[in-house]
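# Tertiary structure, described
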Amino acid sequence: MIIKCKIYFVLILAFLSLDLHSQHQEINDAPTTWKGNEGDQKTGNSILTAFKNGQTKGHFRQFTMVTHNKRDLSDYYAVALGGGIKYETAAYKNFKFSVSGFYIYNASSSDLGRKDTLANQSNRYEIGLFDIENPENKTNINRLEELYLKYQTSLWEATIGKQLINTPFINLQDGRMRPTITEGLRFVITPKIDVKVDFYYLYSISPRSTAQFYSIEESIGIYPTGISTSGGKSGYKDNLSSNGIFMLGLQRRNAKSINYQFWNMIVDNIFYSSLAQIDYIPTKSKVRSLFGGIQSIYQTPINEGGNTDIKKAYFDKTTTALTLGAQIGWKSQHSKVSFNFNRIFSTGRYLMPREWGRDPFYTFLPRERNEGLGNVTAVMTQYEYSLANMPLTLKI
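Residues numbered from 1 in each chain as written. Predicted model: local features only at pLDDT ≥ 70, side-chain atom pairs only at ≥ 80, totals over all residues. Heavy atoms only, no water.

## Looking at the overall build of the protein chain
Regarding its fold elements, the protein chain presents 3 helices and 17 strands. Taken against the 2.2 N^0.38 rule, which gives 21 Å for 396 residues, the C-alpha radius of gyration of the protein chain at 22 Å falls within 12% of a compact globule. Viewed in the frame of its principal axes, the protein chain has a C-alpha envelope of about 65 × 55 × 45 Å. Evaluated residue by residue, the protein chain yields a buried proportion of 44% over its 396 residues. Residue pairs at least 24 apart in sequence account for 61% of intrachain contacts in the protein chain once pairs closer than 6 positions are excluded. Surface accessibility of the protein chain: about 20800 Å² in total, with carbon and sulfur atoms responsible for 58%. (Helix = DSSP H or I, 4+ residues; strand = E, 2+ residues; numbered from the N terminus. Rg over C-alpha atoms; globule rule 2.2 N^0.38 Å. Buried < 20%, exposed > 50% of the residue type's maximum accessible area, 1.4 Å probe, protein only. Contact = heavy atoms within 4.5 Å. Areas by Shrake-Rupley, 256 points an atom, 1.4 Å probe, with all protein chains shown as cover.)

Here you go:
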């Protein structure tokens, strides 16, 4: 009876996704992991009063996941509990300091470190709730997450240290217990209300499902590596060199609800990636309206793609990648339907380290990626219905 219930439960979740608005984040949204009432931002006339007038926020998360495999393959389950706290001072001479941490506890799970005897592979999904680098660790999973100093004016702000960011190429990918955290410098200019310019220099990343920070080159390959162009397993893990990531983004939204965004990312010594995207996103005052967008991404290797040995390089120096995506949809007061398309051309494979975030494609589906593929056409249709009196969304 228990086995049958588990099968039916998984089949239902395969077709329907219930979103409680507690976790999922669109990559164009500012990080909202730590929610709370912002209220009037107090200031301090001294460092002591800035600390006294600071804000404290808490976050609790519970995640249950079950995988039922066919025939003699292993089944898995896991129940994760976690909590964290964030503190940010009030402004003192335009400066703010913030620190946050999170703790995860494995309340119950199958043996996530044991390889399946038939496939000779380890667990894929449930282990992501904890620390993929140490599957046996069930009680001591904690991470210092944010630790930054911010200087903020009405026209610009600069933040240095460990921080949450959301961009098309590097983002929270907040689909497990904790999101991806970055470390570096962020400089944001807002010369107009509808214009924003972002500059990043990142030198360290703590991917989701890990408990520590890694240098940029060390972070590539923490997740299982893919297949090289020769057909064998890629050998780039622990064989890359880079001085960090440089990223520049320009975003603008005009009065006609048209969003423009352009992003350029240089991963020193490994590859270059650029994105151009235009979206029509109607204002919330329009109850019924069309929406849509078009997107293109171009990628090319830098130097030798990370290593002079092609078997150890991340990006094949002889190829480039080009993608084209589009979306069109209709929204009403409580429902939304969209038709989404993406094409990765045969010039090369779209590559972006999975440790850094989710795909920015319109056709993205949770748990799966098009990253690492070339000569691929993807089509996806999605329907959403939001309940009127509850923070609950049904997705098909």
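We are not done yet, so read on.
## Remarks on the pairing of strand 11 (residues 258–267)
A one-sided burial pattern is seen for strand 11, the buried positions being Asn259, Gln261, Trp263, Met265 and Val267 and the unburied ones Ile258, Tyr260, Phe262, Asn264 and Ile266. Here 9 bridges tie strand 10 (residues 245–253) to strand 11, and the two strands are oriented antiparallel to one another. Counterpart to Met247 in the pairing with strand 11 is Met265. Counting the residues that bridge the hairpin from strand 10 to strand 11 gives 4 residues, and of these Ser257 lies at a positive phi of roughly 65°. Pairing geometry for strand 11 and strand 12 (residues 271–280), over 10 bridges, is antiparallel. For Met265, the partnering residue across the bridge sits in strand 12 and is Ser273. Between strand 11 and the antiparallel strand that follows it, strand 12, lie 3 residues; Asn269 among them carries a positive phi value of about 70°. (Pairing = 2+ DSSP bridges.)

## Comments concerning the packing of aromatic side chains
In this structure the tally under the stated criterion is 11 aromatic pairs. When the centroid spacing of 5.9 Å and the interplanar angle of 50° are considered together, the rings of Tyr201 and Tyr203 count as tilted. On the basis of an interplanar angle of 35° and a centroid distance of 5.9 Å, the ring pair of Phe271 and Tyr314 is categorised as tilted. Placement of the pair is Phe271 in strand 12 and Tyr314 in the loop between strand 13 (289–301) and strand 14 (321–331), with a sequence separation of 43 residues. When sorted by exposure, Phe271 lands in the same class as Tyr314, which is buried. One aromatic cluster is present, built from ring pairs that chain together Phe95, Tyr151, Trp156 and Phe187. The ring of Phe213 has Lys162 lying over it, and the distance from NZ or CZ to the ring centre is 4.8 Å. (Phe/Tyr/Trp six-rings, centres within 6.5 Å; stacked < 30°, edge-to-face > 60°. Lys NZ or Arg CZ within 6 Å of the ring centre and 35° of its normal.)

## As for unusual backbone geometry
You will see that Lys93, though not glycine, has its phi angle at about 50°, which is positive. Within the secondary structure, Lys93 is located in the loop between strand 3 (76–88) and strand 4 (95–109). A residue is classified by how much of its surface remains accessible, and Lys93, at 61% relative accessible area, is exposed. Positive phi, normally seen in glycine, also occurs at Ser209, with a value near 70°. Tracing the backbone through its elements, the reader meets Ser209 in the loop between strand 8 (195–206) and strand 9 (214–215). The class for Ser209 is buried, based on a relative accessible area of 7%.

In short, shape yes, function no, at least from these values alone.
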